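Geometric and topological summary
Each chain, written out:
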Number of protein chains: 2
Amino acid sequence: MATTTDKASSRDRLLDAAARLSYRDGVGIGIEALCREAGVSKRSMYQLFDSKDAMLAASLERRIPRYEARLAHPDPDHATPRERIRHVFEQVTGAAADPDYRGCPYLAVLVELKDPEHPASVVARAVKQRLTDSFRAEAERGGARDPELLARQLVLVFDGASARAGARVEHLEDGLAVTTATALMDAAGMD
Amino acid sequence: MATTTDKASSRDRLLDAAARLSYRDGVGIGIEALCREAGVSKRSMYQLFDSKDAMLAASLERRIPRYEARLAHPDPDHATPRERIRHVFEQVTGAAADPDYRGCPYLAVLVELKDPEHPASVVARAVKQRLTDSFRAEAERGGARDPELLARQLVLVFDGASARAGARVEHLEDGLAVTTATALMDAAGMD
DNA sequence: CGACGGGGAAACCGATCGGTGTATTTGCGT
DNA sequence: ACGCAAATACACCGATCGGTTTCCCCGTCG
């Protein structure tokens, strides 16, 4: 069934190109350039997606597993809640060392698309919510006094760090993000 | 000298319109719409500014005094360093209550214009640097153990809070930003 | 071999982009 | 009242926007 395979491949190439180009150049990237990059005709892409907005949302959604896997601790069973949280901020720090790093793509989309109802904004907000939930779960396991508060504080730092590093106004290379997260965990009375 | 006055007025109207529209709709806003909003012909605006980029940078620069005045404590002489820092985060919290709040305009520009060399990015980065400097000065006055570290931590929280509030993914109305800043000041051993 | 159908290339749509050229109007100083 | 400069309106430039349509090629199956 070569037909099905080709279709799926086109779809994937489109979504990958959309993720890559919109991350590098912003959501204002043109459909023409996207299709050129993906090697797919504009006509085919409009058979696969209803609109540019829908494709953008789909491309963000597709990256979620990879994104969250990167933030997850490689050995969750033998790590403490502190270590798992710490790992998240170490990953941001590491990613920021790449000169092509532009910050968390989901936050960037939320900032660029001022419309919170945009399909891509909905996806991005969901990702942020899941990060908050994950922080809160770790905070609870770690015995924080106010897990909800600590989780929201950590996301504040996470987004501040990724936005500033992506905007090249902060480098993070001395571990600023990790240090700040640690200070907040300490203040929250976590193990 | 009515001529000079009119010119200044056109210039000001242009810069105000640029600041307002680019904040609401992003830096991708069109020149046509800008000039329509300002009541100035496109031809006149290109005599006042070399390019759209230059006008955008100028409009950001023009708002700096207003922006920094808002963050400055109303009675600096009778306020402690802690109170002056706290005031900054209270202002963000208050601003976020406005449904039209879209976060710190300077951070938004840095995120939207991925190019750090863009004239507007240069202006925005300078504003961020001044905020960091101001935090560090307060941290020193307040006897923080590591004023530079605390200042960078506070800006992380500031940008995270403003970005998330502007993206409508965090409301801040329960004082999250103030609480977080306070926790970091405590951890830094400030008075 | 021939009919069919999906996908690609590219023209096309009206709109807008940043920027310019031009001709006209406006309003000022003398 | 006149002249002059500035500001205006507006057409225009090539390029691109998101999106649609046409045409044609090429592979598959009967």
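Please read all numbers here as calculations on a predicted model, not as lab measurements. (Residues numbered from 1 in each chain as written. Chains lettered and ligands numbered in written order. Predicted model: local features only at pLDDT ≥ 70, side-chain atom pairs only at ≥ 80, totals over all residues. Heavy atoms only, no water.)

1. Describing the overall build of chain A
Quick reminder of the rule: Secondary structure is summarised from DSSP: a helix means a run of H or I of at least four residues, a strand means a run of E of at least two, and numbering begins at the N terminus for each. A simple rule labels every residue: compare its accessible area, found with a 1.4 Å probe on the protein chains alone, to the largest value its type can have, and call it buried under 20%, exposed over 50%, or partly exposed in between. When checking whether two residues touch, look at their non-hydrogen atoms; a contact exists if any pair is within 4.5 Å. Each accessible area value is a Shrake-Rupley result obtained with a 1.4 Å probe; residue values ignore everything except the protein chains displayed when judging cover. When charges are counted, Lys and Arg contribute as positive and Asp and Glu as negative, whereas His and the chain ends are disregarded. For this purpose, a charge sits on NZ of Lys, CZ of Arg, CG of Asp or CD of Glu.
Per the secondary structure count, chain A includes nine helices and zero strands. Listing each helix as α and each strand as β along chain A from the N terminus yields α-α-α-α-α-α-α-α-α. Judged by the C-alpha coordinates and their principal axes, chain A covers about 55 × 40 × 30 Å. The burial tally for chain A puts 52% of its 191 residues in the buried class. Expressed as a percentage of contacts within chain A between residues at least 6 apart in sequence, the contacts between residues at least 24 apart total 66%. Of the roughly 8800 Å² of accessible surface on chain A, 50% is carried by carbon and sulfur atoms. Positive and negative side-chain charges in chain A, numbering 27 and 30 respectively, have mean positions lying 5 Å apart.

2. So, empty space enclosed by the protein
Where we set the bar: Cavities and pockets are defined on a 1 Å grid built over the protein atoms alone: a cavity is a set of grid points where a 1.4 Å probe fits but cannot escape, while a pocket is an open set with protein on both sides within 12 Å along at least five of seven lines, and lining residues are those with an atom within 4 Å of any such point. Grid points are joined across faces, edges and corners, and a volume is the space filled by probe spheres set on the points. Ten residue types, Ala, Val, Leu, Ile, Met, Phe, Trp, Tyr, Cys and Pro, are classed as nonpolar, four, Asp, Glu, Lys and Arg, as charged, and the remainder, Gly among them, as polar.
Throughout the structure, instances matching the rule amount to five cavities of 30 Å³ or more. Within this model, the largest cavity holds a volume of roughly 150 Å³. Looking at the lining of the largest cavity, the elements that each hand over two or more residues are helix 6 (105-112) and helix 8 (147-166) of chain A together with helix 7 (105-112) of chain B. Classifying every residue of the lining of the largest cavity by side-chain character gives 11 nonpolar, four polar and four charged.

3. Structural notes on the nonpolar core
We apply this condition: What makes a nonpolar core is a set of buried Ala, Val, Leu, Ile, Met, Phe, Trp, Tyr and Cys residues whose side-chain atoms join them at distances within 4.5 Å.
Judged by nonpolar contacts, the single largest core of 104 residues is most densely connected at Phe 89 of chain A together with Phe 89 of chain B. Not counting residues within four places of it along the chain, the set of residues in contact with Phe 89 of chain A comprises Phe 135, Leu 154, Val 157, Phe 158, Ala 177, Val 178 and Ala 181 of chain A.

4. Some points on the environment of Met 185 of chain A
Residues and elements named next belong to chain A. Relative to the helices and strands, Met 185 is located in helix 9 (residues 176-187). Of the residues examined, Met 185 reaches a relative accessible area of 1% and is grouped as buried. Along the backbone, Met 185 and Ala 151 are 34 residues apart, and their C-alpha atoms lie at a distance of 9.4 Å.

5. A short note on the side chain of Ser 22 of chain A
In plain terms, the rule: Counted as a polar contact is a pair of N or O atoms within 3.5 Å, where, for protein atoms, one must be capable of donating a hydrogen and the other of accepting one, and residues adjacent in sequence contribute only when both atoms are in side chains.
With respect to the helices, strands and loops of the structure, Ser 22 of chain A is situated in helix 1 (residues 2-25). Taking the relative accessible area as the measure of exposure, Ser 22 of chain A reaches 9% and is therefore buried. Reaching out from Ser 22 of chain A, the side chain makes a polar contact with the backbone oxygen of Ala 18 of chain A at a distance of 2.8 Å. Each residue touching Ser 22 of chain A, except ones within four places of it in the same chain, is listed here: Ala 17, Val 27, Ile 29 and Leu 56 of chain A together with Lys 114 of chain B.

6. Details of the confidence of the model for chain A
Applied cut-off: Confidence scores per residue from the predictor, reported as pLDDT, run from 0 to 100.
Per-residue pLDDT for chain A averages 94, and the proportion of residues at 70 or more is 96%. Contacts of residues 1-5 of chain A to residues separated by more than four positions or lying in other chains number zero contacts, the stretch itself having pLDDT below 50.

7. Focus on the interface of chain A and chain B
The criterion, for reference: By buried area we mean the combined loss of accessible area, with a 1.4 Å probe, across both parts when two parts are placed together. The term salt bridge refers to a pairing of a side-chain nitrogen on Lys or Arg with a carboxyl oxygen on Asp or Glu at a separation within 4 Å.
Of the residues lining the interface, 41 residues belong to chain A; the matching set on chain B comes to 41 residues. Interface area, chain A with chain B, both sides summed: about 3200 Å², of which 68% is carbon and sulfur. The largest share of the area that chain A buries against chain B comes from Lys 114, Arg 152 and Leu 156 of chain A, three residues that together contribute 24% of it. Seen at the junction of chain A and chain B, the total is eight salt bridges. One salt bridge in this structure joins Asp 159 of chain A and Arg 164 of chain B, with 2.6 Å as the shortest N-O distance. If you look at where chain A meets chain B, you find 10 residue pairs in polar contact (both at pLDDT 80 or more). Mapped onto the side of chain A that touches chain B, the elements with two or more residues apiece are helix 1, helix 6, helix 7 (119-141), helix 8 and helix 9 of chain A. In terms of residue count, helix 8 of chain A provides more of the side of chain A that touches chain B than any other element does, 11 residues in total. Taken together, the residues of the side of chain A that touches chain B sort by class into 20 nonpolar, eight polar and 13 charged.

8. Observations concerning helix 8 (residues 119-141) of chain B
Spelled out, the test is: A helix is expected to span 1.5 Å multiplied by its residue count minus one.
End to end, helix 8 of chain B covers 34 Å across 23 residues, agreeing with the expected 33 Å (1.5 Å per residue, within 8%). Those residues of helix 8 of chain B that sit buried are Ala 120, Ser 121, Val 123, Ala 124, Val 127, Lys 128, Leu 131, Thr 132, Phe 135, Glu 138 and Ala 139 of chain B.

9. Re the relation of the copies chain A and chain B
What counts here: Superposing the copies works by least squares over the C-alpha atoms of residues that have pLDDT at least 70 in both of them.
It takes a turn of 180° to lay chain A on chain B, together with a shift of 0.0 Å along the axis; the resulting RMSD is 0.0 Å. Accordingly, the operation relating the two chain copies is best matched by a two-fold axis. Residue Gly 160 of chain A, judged by its C-alpha, is the member of chain A lying nearest the rotation axis, at 1.8 Å. Of all interface residues in chain A, 100% are interface residues in chain B too; the two copies therefore contact each other through one and the same surface.

10. Focus: the UniProt feature "DNA-binding region" (unreviewed entry) in chain A
We count it as follows: UniProt positions are given in the numbering used here, feature names are shortened, and annotations may be inferred rather than shown by experiment.
Residues annotated by UniProt as "DNA-binding region" (unreviewed entry) correspond here to residues 30-49 of chain A. The distance from the first to the last C-alpha atom of residues 30-49 of chain A is 15 Å, and the span holds 75% helix and 0% strand.

11. Quick notes on the domain arrangement of chain A
Residues and elements named next belong to chain A. To keep it simple, the criterion reads: Here the bounds of each domain stem from an automatic or database domain assignment.
We note that the domain assignment places domain 1 (1-49) and domain 2 (60-187) within chain A. Taken residue by residue, the interface counts seven residues in domain 1 and 11 residues in domain 2. Between domain 1 and domain 2 the total buried area reaches about 770 Å² when both faces are included, carbon and sulfur atoms providing 58% of it. On the domain 1 side of the contact with domain 2, Asp 16, Tyr 23 and Val 27 bury the most area, a combined 65% of that side's loss. Counting the contacts that link domain 1 with domain 2 gives three salt bridges. Salt-bridge contacts for Asp 16 lead to Arg 62; the nearest nitrogen and oxygen are separated by 3.1 Å. Run the count over domain 1 and domain 2 and you get five residue pairs in polar contact (both at pLDDT 80 or more). When the residues that make up the side of domain 1 that touches domain 2 are grouped by side-chain class, the tally is four nonpolar, one polar and two charged.

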